[in-house]
Amino acid sequence: MPDEQASEVLRWLDHAAGDLRMALAIAQDADLPASGACFHAQQCAEKSLKAALIHAGIEPPKLHNLNALLDLIPESWRVRAHADLEELTFWAVDSRYPSDADDASPEDAQHAINTARRVPEAVAYDIRRTWARTD
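Residues numbered from 1 in each chain as written. Predicted model: local features only at pLDDT ≥ 70, side-chain atom pairs only at ≥ 80, totals over all residues. Heavy atoms only, no water.

Visitor: Mind showing me how you'd approach the packing of aromatic side chains here?
Guide: One pair of aromatic rings is described through two measures. These are the centre distance and the angle between the planes. Under the definition given, this model contains 1 aromatic pair. The ring of Tyr125 has Arg78 sitting right over it, with the charged end atom 4.6 Å from the ring centre. (Phe/Tyr/Trp six-rings, centres within 6.5 Å; stacked < 30°, edge-to-face > 60°. Lys NZ or Arg CZ within 6 Å of the ring centre and 35° of its normal.)

Visitor: Looking at this structure, how should I read the packing of helix H1 (residues 3-27) against helix H2 (residues 34-55)?
Guide: The description of two packed helices rests on the angle between their axes and on the distance between the axes. Two numbers describe how H1 lies on H2: the axes approach to 8 Å, and their chain directions differ by 165 degrees. The angle between H1 and H2 places the two elements in the roughly antiparallel class. As for the relative orientation of H1 and H2, their crossing is left-handed in sense. Here the residues of the contact of H1 with H2 sort into 14 nonpolar, 7 polar and 4 charged. (Axes fitted to C-alpha atoms, helices over the stretch in contact; angles between N-to-C directions. Helix = DSSP H or I, 4+ residues; strand = E, 2+ residues; numbered from the N terminus. Parallel < 35°, antiparallel > 145°, perpendicular 65-115°, else oblique. Left-handed = near helix turned anticlockwise from the far one by under 90°. Nonpolar A, V, L, I, M, F, W, Y, C, P; charged D, E, K, R; others polar.)

Visitor: Any chance you could explain the nonpolar core here in plain terms?
Guide: Side chains of nonpolar character tend, in soluble globular proteins, to be buried together. Leu49, Ile73, Val79 and Leu88 are the most contacted members of the largest nonpolar core, which totals 35 residues. Only H1, H2, helix H3 (66-72) and helix H5 (106-134) provide two or more residues apiece to this core. In terms of residues, this core owes the most to one element, H2, which gives 11 residues. Setting aside chain neighbours within four positions, we find Leu88 in contact with Ala41, Gln42, Ala45, Leu66, Ala112, Thr115 and Ala116. (Core = buried A, V, L, I, M, F, W, Y, C linked by side-chain atoms within 4.5 Å. Buried < 20%, exposed > 50% of the residue type's maximum accessible area, 1.4 Å probe, protein only. Contact = heavy atoms within 4.5 Å.)

Visitor: Is there a simple way to think about the pattern of salt bridges in this case?
Guide: Oppositely charged side chains can form a pair if their charged atoms are brought close together. A full pass over the atoms with the stated rule returns 4 salt bridges. One salt bridge connects Lys47 with Asp19, and the closest N-O pair in it is separated by 2.5 Å. Residue Lys47 is located in helix H2, and its partner Asp19 is located in helix H1; the two are separated by 28 residues in the primary sequence. Among the ionic pairs, Arg129 bridges to Asp126, the shortest N-O distance being 3.2 Å. Linking Arg129 with Asp126, this pair stays in helix H5, spanning 3 residues, or about one helical turn. (Salt bridge = Lys/Arg side-chain N within 4 Å of Asp/Glu carboxyl O.)

Visitor: Just to check I follow, could you spell out the confidence of the model for the chain for this structure?
Guide: One rule of thumb: low pLDDT means the predicted coordinates there are not for detailed reading. In this model, the chain carries a mean pLDDT of 91, and residues with pLDDT of at least 70 account for 96%. Per-element confidence in the chain ranges from a low mean pLDDT of 90 for H5 to a high of 97 for H2. (pLDDT = per-residue confidence, 0-100.)

Visitor: How should the state of the cysteines be read in this particular structure?
Guide: Two cysteines form a disulfide when their sulfur atoms are joined by a covalent bond. Counted under the stated rule, the structure contains 0 disulfides. Here Cys38 is not disulfide-linked; the sulfur of Cys44 is the nearest cysteine sulfur, at 13 Å. A relative accessible area of 0% places Cys38 in the buried class. Note on Cys44: relative accessible area 0%, which makes it buried. (Disulfide = S-S within 2.5 Å.)

Visitor: Can you walk me through the side chain of Lys50 in this structure?
Guide: Topologically, Lys50 is positioned in helix H2. Of the residues examined, Lys50 reaches a relative accessible area of 7% and is grouped as buried. A polar side-chain atom of Lys50 sits 3.3 Å from the main-chain carbonyl oxygen of Pro61. (Polar contact = N/O pair within 3.5 Å; in protein donor to acceptor, adjacent residues only side chain to side chain.)

Here it is, written out as structure tokens:
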């Protein structure tokens, strides 16, 4: 893999890790809206999936639907086991504006964080596995 591509993958994963840290920080502060933690959890997963796409040589589309991003990742990748990230996708846009939907709860935030943190872990595993095959 060219150094530029590897650097770009690491940059996306670093941003994903930052979003996870923000989600955790927001979730720990009762004065902050839980929807913020949910949003950053979704962003963590989205940026991790886009890092996987870049690693696979696929230009990531400008969309927030996590299942659509998953569908673009090679089938052999472990991250594909996260077959349904629709709940997490909701927090990308819909939750950021007033609507008839219920506000996010602390439980929603914790669930979103737990779901999201598995995505970069799986992506990192898949990247390490593919790098090991090319060494």
